[in-house]
Amino acid sequence: MYRTNSCGELRKSDEGKNVTLSGWIHKYRNLGGLVFFDLRDRYGITQIIFDPNSLGENIMETANRCRNEYVVTISGIVRVKPEPNKNLSTGEIEIAADNIFIENASKTPPFNFLDGKSDAKEDLRLQYRYIDLRSTKMTQNLLIRHKVTMAVRNYLSDKGFIEIETPTFSKSTPEGARDYLVPSRLYPGMFYALPQSPQIYKQLLMVAGQDRYFQIARCYRDEDSRKDRQPEFTQIDIEQSFATQDEIFALTEGMFADLFGKAVGVELKIPFERLTYKEAMDDYGVDKPDLRYGLKLKNITDITRNSNFQVFKDAPCVKYLAVEEIENFSRKRIGEYEDYAKHLGAKGLAFTKFIGGKLEGGISKFLSDDEAAGIISSSGMKKDGLIFFGAGKEDMANKVLGAVRIRIAEELKLYDSDEYRFCWITDFPLFTYNDEEGRWEAMHHMFTMPRPEHLDNMLNGRDLGNILGQLYDLVGNGVELASGSIRIHDPEIQEKVFTILGMPKEEYESKFGFMLNAFRYGAPPHGGIAPGLDRLIAMLCKEDSIRDVIAFPKSKNQNCLMMDTPSQVSPEQLEEVSISIVKEK
RNA sequence: GGUCCGGUAGUUCAAUCUGGUUAGAGCACCUGCCUGUCACGCAGGAAGUUGCGAGUUCGAGUCUCGUCCGGACCGCCA
């Protein structure tokens, strides 16, 4: 037998028991006579003591031979320590060993994790992921992830949802992200695509009468990674028939409240706040505002339209961001914000100081008294501070000030990292115009139903830029955590959307004919949502990157540093799938 | 595709701005001592292709260019 107990469970009440424990030597301390081990497994750490007064030479010799990360099985008697270790839950007891067996030795580990987190840089941690995951923090992250998926499955199952798996060998579809392709052996030159989401399958499950579906679904998008984006990631994919937007919201809110409680013991306030897309963009410059702090943007285009300041006069949109804080803003610091704005694509970042009730410095000398008065009164500033301006096209002003707002909040620590503020963003535009390609694109995806009052305009191709969709995002602390919509279930409306997106009938019939056809056999109204599991877990674990909540993530450049993937395959394998490699020069 | 940061002992960093003796320190590792430690302690020791390749220079870890790897951001991500 390897073990009778885990390394995290024995307490004072177990005193006198004969036990056997197996695990890793977390830290060995050899005092010359006495030898102490901290023995670790996933459940905790228990101290083991080897006493030469009561043990034979061969046992002491084995104990002396051990090193950190050796895997051992020891047996002995639980006894109360003379002085407890208050840092351990098992700190009141120790095991007086009477035997030890070395299951496996270990080379000296490439890094340590004695204080709960690996002390190495990320590339080394990823190369030795099987060691990194032994750390308390990573073990805890994986446990929280498990608790969340269990809570989600139980919650949704209780609400009548059933988990249904959908294929990972799917069909490449136009628009959206770049697909990962899988060559077909049986059909040379043909490819499957890995799904960017199970979107179409779950809609067809609704047509199939399955009514309430969910899936912890792996999704694949061949785009550049970020700390919150991996080429493969996981969604909690949900779809429901005969559902309104409000019902989807209530379902999601209940699920989040449930899983926050079960995974990390946090009580969420529901229902969540709601903002329209326009409100979010106007006030925060982004479609995923962090509501834990204010710092709202103000629009003064009406005031600056006739400005003597040429930059403002020429700008179709002028907004500003007022910060009631000036001590921390040296000229050098302001310069860093200007560089940041330029990095984001702006020409610059105009600013002025607000001191003693007046605008001073920066661009203040270019502003008329009326403009200054308008800015001061609209800002509502009471203390001295700094005002940043974004001037130009509206999306650029929003992009720059929205990003500066976030950076200022981070640097001035304007929020409590223990607080959770969720909000729904609603009423997104259905279509956005792509200037470069000169065509309309779907803002979310091409299966979203327009708002009922805009349906007529859409069917007639009128005023496309102002058509709003039954389309929503869930945002928490400035992170987009979920996205969803009420879908189109009418084949004629769906055909119209394909047409607006520039697809000829032959194209959409060949690519989506099966879906249109399905809609002609009695498709129920339906809608759903898909929370991103990785980002949600990262938030619960207070991790900055989703790489820290995925067991085996890819690096920035989509490599697995542990397995060294991607890798070459044999010419025979390529031959079988009719692929030849074109050498790059 | 672009901008930026980093790569020095097993590891985390210093030395780089301002080129100049033998590239240092903590932890880890090895040896010895040590019977109540709990990140044990004490003494000693070993450990380096400064990512790689060119260039400038009397001389390069340090400056320049290229390249590879890791990371942040922009583009991209229905």
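Residues numbered from 1 in each chain as written. Chains lettered and ligands numbered in written order. Predicted model: local features only at pLDDT ≥ 70, side-chain atom pairs only at ≥ 80, totals over all residues. Heavy atoms only, no water.

Chemist: Could you give me a rundown of the packing of aromatic side chains, with the residues and numbers involved?
Modeler: Throughout the structure, instances matching the rule amount to 26 aromatic pairs. Between Phe249 and Trp424 the ring centres are 3.9 Å apart and the planes differ by 5°, which places this aromatic pair in the stacked class. Of the two residues, Phe249 is situated in helix α6 (residues 245-264) and Trp424 in strand β17 (residues 422-426); the sequence distance between them amounts to 175 residues. In this pair, the class of Phe249 matches that of Trp424, namely buried. Taking 6.4 Å as the distance between ring centres and 25° as the angle between the ring planes, the aromatic pair formed by Phe256 and Phe260 counts as stacked. On the criterion of helical spacing, the pair formed by Phe256 and Phe260 is a turn pair, its members being four residues apart in helix α6. Of the two residues, Phe256 and Phe260, neither departs from the other in class, the shared state being buried. Here the guanidinium or amino end of Arg407 rests over the ring plane of Tyr337, the centre of that ring lying 5.1 Å away. The aromatic ring of Tyr340 is capped on one face by Arg407, whose charged end is 4.8 Å from the ring centroid. (Phe/Tyr/Trp six-rings, centres within 6.5 Å; stacked < 30°, edge-to-face > 60°. Helix = DSSP H or I, 4+ residues; strand = E, 2+ residues; numbered from the N terminus. Buried < 20%, exposed > 50% of the residue type's maximum accessible area, 1.4 Å probe, protein only. Lys NZ or Arg CZ within 6 Å of the ring centre and 35° of its normal.)

Chemist: Break down the sheet that holds strand β2 (residues 35-41) for me, citing the residues and quoting the values.
Modeler: On the basis of which strands lie adjacent, the closed barrel formed by five strands has the order β1-β2-β3-β5-β4 and mixed pairing. Averaged over all pairs of adjacent strands, the angle between their axes in this sheet comes to 55°, without regard to strand direction. Bridge analysis of strand β4 (residues 71-80) against strand β5 (residues 93-104) gives 10 bridges, and the strand direction is antiparallel. Bridge pairing in β5 links Val80 to Ile93. (Pairing = 2+ DSSP bridges. Axes fitted to C-alpha atoms, helices over the stretch in contact; angles between N-to-C directions.)

Chemist: Can you explain the domain arrangement of chain A? Please cite residues and give values.
Modeler: Looking at chain A, the domain boundaries give domain 1 (12-104) and domain 2 (293-412). Each of domain 1 and domain 2 has a C-alpha centre, and these two points are 63 Å apart. (Domains from an automatic or database assignment.)

Chemist: Would you mind going over a nonpolar patch on the surface in detail, with residue names and values included?
Modeler: On the surface, a nonpolar cluster with roughly 360 Å² of combined accessible area is contributed by Leu186, Tyr187 and Met190. Considering the arrangement of structural elements, one finds Leu186 in the loop between β7 (181-183) and β8 (191-193). (Patch = residues over 30% accessible without salt bridge, like charges linked within 9 Å, V, L, I, M, F, W, Y side chains within 5 Å. Areas by Shrake-Rupley, 256 points an atom, 1.4 Å probe, with all protein chains shown as cover. Salt bridge = Lys/Arg side-chain N within 4 Å of Asp/Glu carboxyl O.)

Chemist: Give a description of the protein's contact with RNA strand B that names residues and reports values.
Modeler: Residues in close proximity to RNA strand B total 54 residues, the closest being Lys27, Arg29, Ala442, His444 and Lys556. For RNA strand B, the fraction of protein-proximal atoms (within 4 Å) that sit in sugar or phosphate groups is 57%. At 2.8 Å, a side-chain N or O of Gln47 approaches a base oxygen of RNA strand B. Within the contact set of RNA strand B, a sugar or linking oxygen lies 2.4 Å away from a backbone nitrogen or oxygen of Ala442. At the level of secondary structure, the elements contributing two or more residues to the surface near RNA strand B comprise β1 (18-30), β2, β3 (44-50) and α2 (122-127). Looking at the surface near RNA strand B, its residues break down into 14 nonpolar, 19 polar and 21 charged. (Near = heavy atom within 4 Å. Polar contact = N/O pair within 3.5 Å; in protein donor to acceptor, adjacent residues only side chain to side chain. Nonpolar A, V, L, I, M, F, W, Y, C, P; charged D, E, K, R; others polar.)

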